[in-house]
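# Inside the fold
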Amino acid sequence: MTRPFHATGVSIDTRTLQTGDLFVALATESGDGHAHVAAAMAKGAAGALVHRQHDMPEDAPLIVVGDTLVGLTALGAAARERFSGSVIAVTGSVGKTTTKEMLRAILSATGPTHAAVASYNNQWGVPLTLARTPPEADFCVVEIGMNHAGEIAPLSRLAGPDVAVITAVEPAHIGHLGSLEAIADEKASIAQGVLKGGTLVIPADGPMAPRLRAAARNLRVLTFGAENLLLVLEDCDGTDVTADIAGTQQAFRVGAPGRHMVMNAVAALTAASAVGADLQAGAQALAGFAPLGGRGTRRAILGGEAILLDESYNASSASVRAALAVLKLTPARRRIAVLGDMLELGAYSRAEHERLAEALRGSADLLYCCGHFMKFLYDATPADHRGAYAPDSEALGPHVARALRPGDAILVKGSLGSRMRVIVDALCNTSRGAG
Ligand SMILES: Nc1ncnc2c1ncn2[C@@H]1O[C@H](COP(=O)(O)OP(=O)(O)OP(=O)(O)O)[C@@H](O)[C@H]1O
Ligand SMILES: [Mg+2]
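A brief report on the enclosed structure follows.

Cut-offs and rules
Residues numbered from 1 in each chain as written. Chains lettered and ligands numbered in written order. Predicted model: local features only at pLDDT ≥ 70, side-chain atom pairs only at ≥ 80, totals over all residues. Helix = DSSP H or I, 4+ residues; strand = E, 2+ residues; numbered from the N terminus. Buried ≥ 20, exposed ≤ 12 C-beta atoms within 10 Å, placed from the backbone. Contact = placed C-beta atoms within 7 Å. Pairing = 2+ DSSP bridges. Axes fitted to C-alpha atoms, helices over the stretch in contact; angles between N-to-C directions. Near = placed C-beta within 6 Å. Nonpolar A, V, L, I, M, F, W, Y, C, P; charged D, E, K, R; others polar. Domains from an automatic or database assignment. Expected span 1.5 Å × (residues − 1). Core = buried A, V, L, I, M, F, W, Y, C linked by C-beta atoms within 7 Å.

So, about the environment of Ala89. Its place among the elements puts Ala89 in strand E7 (residues 86–91). Residue classification places Ala89 among the buried positions, given that 32 C-beta atoms sit within 10 Å. Between the C-alpha atoms of Ala89 and Ser418, which are 329 residues apart in sequence, the distance is 29 Å. With residues near it in sequence (within four places) discarded, Ala89 still touches Val142, Ile144, Ser156, Ala159, Pro161, Ala164 and Ile190.

Listed below in structure tokens is the structure:
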């Protein structure tokens, strides 16, 4: 029999565990938490949730369950039940984490707000976010993601959101789902978990809008899109916006550049309007919003004489277009795009890569590419715009570093699996005259 204990938080990772946390020993692809229970206890865990008892430190207070993921899900459900604030769930093909972080900023201007860490949006990320929600918070923002059909609805039911936001329907992970319609249906399945009388916030623009609206059934629907924008003044640091948010006019600045950030901001403000937040105060908080790591982070390189846009976190067609638009906004003598493969596009891979040629025209003077699929884009690019092609980022890095000149603005982007971070690191270590 384990002695009773009291936990003040929930952790699944000893590297970030806080004293007093309940350590949940999850078994995932990246490892088995049961091997880290001793380390968790040494770091001050109050106890551990486990489904295996052998090799456990003596005296460690344990809660033994059949499956720790099921246990964590039950914890999440219990936390949701006791929570009397508003829950907002965010899904979409791109912009989930950005919109979730904007909501954190917006809602914090009204009251205590709890939000998911990083992109914690899957079978363990959603229950973990819920389980950690302080009962006294006013708002909880969860991110819900998917790789395969059928994943969003159960997570939405667990979260029981008052408001759900679909940021965008775009061909990301389309390799797993097969069509844009299937992606729209999967995103729209978030509606199944929204509480009775709740609100679904959907993009008004794009061919899938009617499909999303139809899925809302008897929920209240709010839309966001170009129709909300009254005035937009873009620069390379951010955008001054005047927008109609749920019938009120809001003037604010978004501290991250690009039209895509404006759309995320309008989506977040629209969702915030549905939970009675102070929109004016919330909108002002967006001025301090900077791009998240690897999603447009701007760095001075070459001793301050060139600019790097670090987009190495991820890439899909929509986000590459968005990043190219920001590159275009960036003052420079020469603009360079360094692109690695967009993954998980299945049968759409070749066409989606080739189609970027149009967006490249007018945004980049030179293109450097790596990866199997980017070869198609490289070959579709006029010869005088081609920098170099290499099979992978390690091989491409030196070409890019050698080409770098004062006055350059250089965008580095690709799916995480394309490992474009290697090139970002190489460029950050390139000094003037390296070529
Ligand atoms: N509305 C948008 N339209 C196009 N691109 C966007 C939009 N919002 C963010 N992006 C870009 O998409 C990429 C991913 O952004 P973000 O992390 O916010 O999305 P996500 O949906 O949470 O991704 P993930 O599926 O990896 O969790 C970044 O490069 C970001 O700049
Ligand atoms: Mg995310």
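Strand order in the open sheet formed by four strands is E1-E2-E5-E6, and the pairing between neighbours is parallel. Edge positions in the sheet fall to strand E1 (9–11) and strand E6 (62–64), since each of these pairs with one other strand and no more. Strand-to-strand twist across the sheet, computed as the mean angle between neighbouring axes with direction ignored, equals 25°. Pairing of strand E2 (residues 21–24) with strand E5 (residues 47–50) involves three bridges; the strand directions are parallel. Residue pairing across strands places Val24 opposite Leu49, the latter belonging to E5.

What follows concerns the site of ligand 1. Taken together, the neighbourhood of ligand 1 is formed by 22 residues, with Gly95, Lys96, Thr97, Thr98 and Ser319 sitting nearest. Those elements giving two or more residues to the shell around ligand 1 turn out to be helix H3 (96–108), helix H9 (259–273) and helix H11 (317–329). When its residues are assigned to classes, the shell around ligand 1 shows six nonpolar, 13 polar and three charged. Two domains each provide a minimum of three residues to the shell around ligand 1, namely domain 2 (72–288) and domain 3 (297–428).

Before going further, it helps to examine the pairing of strand E10 (residues 163–166). Residues of E10 alternate between two faces, with Val163 and Val165 on one and Ala164 and Ile166 on the opposite face, all of them buried. Bridge analysis of E7 against E10 gives four bridges, and the strand direction is parallel. Paired with Val90 across the two strands is Val165, which belongs to E10. Bridge count between E10 and strand E11 (residues 199–203): three bridges; the pairing is parallel. Note that in E11 the partner of Val165 across the bridge is Val201.

What follows covers H9. An ideal rise of 1.5 Å per residue puts 21 Å on 15 residues; H9 measures up with 21 Å between its terminal C-alpha atoms. Within H9, 14 of the 15 residues are buried, which leaves the element mostly enclosed by the surrounding structure.

In terms of nonpolar packing, the biggest core is built from 138 residues, with Ile88, Leu103 and Val201 touching the most fellow members. It is H9 that provides the largest number of residues to this core, a total of ten residues. Other than its neighbours up to four places away in sequence, Leu103 contacts Ile88, Val90, Ala115, Val141, Ala268, Ala271 and Ala272.

Further remarks concern unusual backbone geometry. Not every positive phi belongs to a glycine, and Asp59 is a case in point at roughly 80°. Along the chain, Asp59 turns up in the loop between E5 and E6. Look at Asp59 and you get exposed, because 9 C-beta atoms sit within 10 Å.

On any regular strand, side chains alternate: one points to one face of the sheet, the next to the other face. Side chains Asp21 and Phe23 of E2 all project onto a buried face; the interleaved residues Leu22 and Val24 project onto the opposite face, where all are buried too. Relative to E2, E1 runs parallel, the two sharing three bridges. Bridged to Gly9 within E2 is Asp21.

Moving on to the sheet that holds strand E19 (residues 366–370). The strand order E16-E17-E21-E18-E19-E20 describes an open sheet built from six strands, whose pairing is mixed. Of all strands in the sheet, those bounded by a partner on one side alone are strand E16 (297–301) and strand E20 (386–390). Neighbour-to-neighbour, the strand axes of the sheet open up by a mean angle of 15°, direction not taken into account. Sheet topology note: the strand E18 (residues 334–339)/strand E21 (residues 408–413) ladder contains six bridges and is parallel. Among the inter-strand pairings, Arg334 is bridged to a residue of E21, identified as Asp408. Contacting E18, E19 and E20, helix H15 (residues 393–403) runs over the sheet at an angle of about 155° to E20.

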